[in-house]
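Each chain, letter by letter, is given below.
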Amino acid sequence: MTQFRAVTDDFAVCAQMTVEDVAAAKAAGFGLIVDNRPDGEVPGQATADEIEAAARAHGLAFVHIPVVGRPTEAQVAAVRMALAATDGKAVAYCRSGTRSITTWVLGRPAGEREEAVRRAAEAGYDLSGILP
């Protein structure tokens, strides 16, 4: 089972989710799953369609915003909008959680990014090099 790493009271990241992890996400109080992993990165990973079907079956919202390498401005904006549109807690995932947390940090207002990098570090992600 994947570990949900809390970044704020409303946002967490994790490594690749499985269909079984969706029930754990629901039990943990998440209302939205953000998939930042492209399908087919490695053989055997759950596809976005599989996770989305499980999310819908558990009453969770789902959005697929695949990120390869550093997130683009469009991907950052899409994640920011998805998070803003949810009333509850959200969890984002990719292979290790790094792309998801990076996308979240870059989506924070400029004045909040240093604090976001600190929160990322507390969750186990060293993003000290992403800010200018």
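Residues numbered from 1 in each chain as written. Predicted model: local features only at pLDDT ≥ 70, side-chain atom pairs only at ≥ 80, totals over all residues. Heavy atoms only, no water.

By the element assignment, Glu52 lies in helix 2 (residues 48–57). Note: C-alpha distance between Glu52 and Ile33 (19 residues apart in sequence) is 8.4 Å. (Helix = DSSP H or I, 4+ residues; strand = E, 2+ residues; numbered from the N terminus.)

The subject of this paragraph is the side chain of Asn36. With respect to the helices, strands and loops of the structure, Asn36 is situated in the loop between strand 3 (30–35) and helix 2. With a relative accessible area of 0%, Asn36 lands in the buried category. Within polar-contact distance, the side chain of Asn36 engages the backbone oxygen of Ile65 at 3.0 Å. The residues contacting Asn36, other than those within four sequence positions of it, are Ile65, Pro66, Val67, Val79, Ala92, Tyr93, Cys94 and Ser100. (Buried < 20%, exposed > 50% of the residue type's maximum accessible area, 1.4 Å probe, protein only. Polar contact = N/O pair within 3.5 Å; in protein donor to acceptor, adjacent residues only side chain to side chain. Contact = heavy atoms within 4.5 Å.)

In this section: helix 4 (residues 98–107). Burial runs high along helix 4: nine of the ten residues are buried. Considering only its buried residues, helix 4 is in contact with strand 2 (11–14), helix 3 (73–85), strand 5 (89–93) and helix 5 (113–122).

Moving on, we get to the pattern of salt bridges. Counted under the stated rule, the structure contains seven salt bridges. One salt bridge in this structure joins Glu41 and Arg37, with 2.4 Å as the shortest N-O distance. We classify Glu41 as partly exposed; its relative accessible area is 34%. The salt bridge involving Glu115 is made with Arg119; its shortest N-O contact spans 3.3 Å. You can see Glu115 and its partner Arg119 sitting in helix 5, four residues apart, about one turn around the helix. Assessed through its relative accessible area of 29%, Arg119 is described here as partly exposed. Members of the salt-bridge network, linked through shared partners, are Glu115, Arg118, Arg119 and Glu122. (Salt bridge = Lys/Arg side-chain N within 4 Å of Asp/Glu carboxyl O.)

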